[in-house]
Amino acid sequence: MAMYMPTATSLTDKKVLQHYLSLDNADDTRVQVMYVWIDGSGENLRCKTRTMDNEPKCPEDCPVWNFDGSSTGQAEGSNSDVYLYPCALFRDPFRRGKNKLLLCETYKYNKQPHETNKRHTCARIMREAAKEVPWFGIEQEYTLLDRDNHPFGWPKNGFPGPQGPYYCGVGANRVYGRDIVEAHYRACIYSGIKIAGSNAEVMPAQWEFQVGPCEGIDMGDHLWMARFILHRVAEDFGVVVSLDPKPMPGDWNGAGAHTNFSTLPMREEGGIKVIEKAIERLGREHKRHIEAYDPHKGQDNARRLTGSHETSSIHDFSAGVANRGASIRIPRQVGEDGCGYLEDRRPSSNCDPYCVTEMIIRTCVLDEGAPN
Ligand code: ADP
Ligand code: MN
Ligand code: MN
Ligand code: MN
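Residues numbered from 1 in each chain as written. Chains lettered and ligands numbered in written order. Predicted model: local features only at pLDDT ≥ 70, side-chain atom pairs only at ≥ 80, totals over all residues. Heavy atoms only, no water.

This paragraph deals with the site of ligand 1. In the vicinity of ligand 1 lie 16 residues, with Glu-139, Glu-208, Ser-262, Arg-329 and Glu-343 positioned nearest. With respect to ligand 1, the backbone of Pro-213 contributes an N or O atom lying 3.2 Å from an oxygen atom. Side-chain polar atom of Glu-343 to an oxygen atom of ligand 1: 2.8 Å apart, as the coordinates give it. Protein contact buries 76% of the 580 Å² of open area that ligand 1 shows by itself. Counting residues per element, the shell around ligand 1 draws most heavily on strand 8 (residues 206-215), which supplies five residues. Each residue belonging to the shell around ligand 1 can be placed in one class, and the counts come to six nonpolar, five polar and five charged. (Near = heavy atom within 4 Å. Polar contact = N/O pair within 3.5 Å; in protein donor to acceptor, adjacent residues only side chain to side chain. Areas by Shrake-Rupley, 256 points an atom, 1.4 Å probe, with all protein chains shown as cover. Helix = DSSP H or I, 4+ residues; strand = E, 2+ residues; numbered from the N terminus. Nonpolar A, V, L, I, M, F, W, Y, C, P; charged D, E, K, R; others polar.)

Right, dumping it as structure tokens:
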């Protein structure tokens with residue numbers, strides 16, 4: 001994807017902005033609500049703001065809105081309005097105060113969910129599985145790029161030394177871009193995102209944050225908003241975030257979105273039996289899952305799931321305790337405890353978490369693919 005990359009001269013002075021952001025609005029009860037949605041690419045986010053007279057306390061307090069779908073790959077120009085249905089409300093770490101970030105679902109002119117709205121069916125499947133109390137935790141890997149599309153901090157005319165010292169590294173010669181990681185972490189906590197941790201990754205300029213455990217539909221909601229905040233924080237620093245699953249070809253690790261999953265029976269004593277049953281079903285449905293695990297039905301992941309660089313081959317299904325070269329890993333502690341959760345290592349960094357979590361529930365809990 002060729003995309004114009006701004007030069008340093010298009011960056012503005014953030015100190016000048018501070019004057020306006022600190023204007024005294026003490027007698028004004030109005031708040032700014034930034035509506036956020038997933039666009040026609042299924043990967044990128046869009047946003048726009050409206051003023052509300054009072055602070056909304058829940059998504060239902062916010063009006064349905066709309067946007068020009070012909071500019072986001074979601075409608076024809078002649079019938080372009082797409083509706084925004086509010087679904088998850090967070091505090092706004094950029095504007096602060098009573099201002100909000102609002103995640104929305106997209107609906108068509110006829111009030112049917114838009115084809116690119118993957119949340120709608122995910123929410124229904126999560127309601128069907130609610131009595132099993134499904135928990136998810138997603139490890140979001142990503143790569144920081146300079147505005148010229150080159151990995152952030154890499155030498156402009158060459159490569160850093162080979163992988164080895166960078167994973168969980170410390171020091172100016174080991175990690176690039178920690179300011180963005182730290183700012184994002186605090187912004188997520190401020191917003192109410194269930195962020196669980198962060199670490200530097202195997203490839204320099206590659207990082208990870210984890211969100212979870214989240215119950216049901218919250219997984220997709222919290223991860224999408226955490227991604228929005230990441231792009232927005234990086235924008236302030238003049239750095240670009242890539243969720244491409246294999247940003248650098250060659251001997252560099254790709255980026256995934258390992259999805260950790262459990263149900264109540266898996267978390268209870270002897271739950272390993274339920275975990276093993278789920279793995280058996282995941283093996284049976286491998287192809288169906290690969291199609292749901294990136295926005296291009298497996299084509300993105302084909303570059304990443306090669307069988308090397310701590311991945312399994314896209315063509316094979318495998319599972320094992322503590323095995324990071326398998327499709328599914330059972331964490332060692334879970335093996336020892338005899339209960340807990342499993343880790344599906346296949347989802348791509350640019351996956352739609354609504355599609356991934358829905359497919360896991362369909363297979364592991366509802367057992368949809370079962371032969372009659
Ligand atoms: P890794 O060792 O694979 O790098 P991480 O520590 O990065 O693992 O991520 C583990 C994730 O698993 C966290 O997001 C955490 O919230 C999640 N998790 C922990 N316990 C459970 C559970 N019982 N069910 C689902 N997710 C869980
Ligand atoms: Mn991890
Ligand atoms: Mn990782
Ligand atoms: Mn992992």
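Glancing now at the coordination of the manganese ion (ligand 4). Donor atoms from the polypeptide that bind the manganese ion (ligand 4) are Glu-139 (OE), Glu-139 (OE), His-258 (ND1) and Glu-343 (OE), placed at 2.0 to 2.5 Å. Going along the chain, you hit the donors of the manganese ion (ligand 4) in the pattern E-x118-H-x84-E. Metal-to-metal, the separation of the manganese ion (ligand 4) and the manganese ion (ligand 2) is 3.9 Å; Glu-139 coordinates the two. Separated by 119 residues along the polypeptide, Glu-139 in strand 6 (residues 135-145) and His-258 in strand 10 (residues 257-262) bring together distant segments of the chain. An identical accessibility class is assigned to Glu-139 and His-258; each is buried. (Donors = N, O, S within 2.8 Å, 3.2 Å for Na, K, Ca; no water. Buried < 20%, exposed > 50% of the residue type's maximum accessible area, 1.4 Å probe, protein only.)

Our focus in this paragraph is helix 6 (residues 272-284). Look at helix 6: 19 Å from first C-alpha to last across 13 residues, which is about the 18 Å you get at 1.5 Å a residue. Those residues of helix 6 that fall on the buried side of the exposure criterion are Ile-272, Ile-275, Ala-278, Ile-279, Arg-281 and Leu-282. (Expected span 1.5 Å × (residues − 1).)

Attention now moves to the packing of aromatic side chains. In the structure shown here, the tally under the stated rule is eight aromatic pairs. Chaining the aromatic ring pairs together yields one cluster made of Trp-154, Phe-159 and Trp-252. Directly above the aromatic system of Tyr-190 lies the positively charged group of Arg-91, at a separation of 3.9 Å from the ring centroid. One residue, Arg-267, lies across the ring of Trp-135, its end atom 3.6 Å from the ring centre. (Phe/Tyr/Trp six-rings, centres within 6.5 Å; stacked < 30°, edge-to-face > 60°. Lys NZ or Arg CZ within 6 Å of the ring centre and 35° of its normal.)

On to the packing of helix 3 (residues 178-191) against helix 4 (residues 218-237), then. Geometry of a packed helix pair, given as the angle between the helix axes and the separation of the axes. In contact at an axis separation of 9 Å, helix 3 and helix 4 are set at 135° when each is read in the N-to-C sense. Accordingly, the angle class assigned to the pair helix 3 and helix 4 is oblique. Classified by chirality, the crossing of helix 4 by helix 3 is right-handed. Two secondary-structure elements touch here, helix 3 through Asp-179, Ile-180, Ala-183, His-184, Ala-187, Cys-188 and Ser-191 and helix 4 through Ala-226, Ile-229, Leu-230, Val-233, Ala-234 and Phe-237. For the contact of helix 3 with helix 4, the residue count by class is 10 nonpolar, two polar and one charged. (Axes fitted to C-alpha atoms, helices over the stretch in contact; angles between N-to-C directions. Parallel < 35°, antiparallel > 145°, perpendicular 65-115°, else oblique. Left-handed = near helix turned anticlockwise from the far one by under 90°. Contact = heavy atoms within 4.5 Å.)

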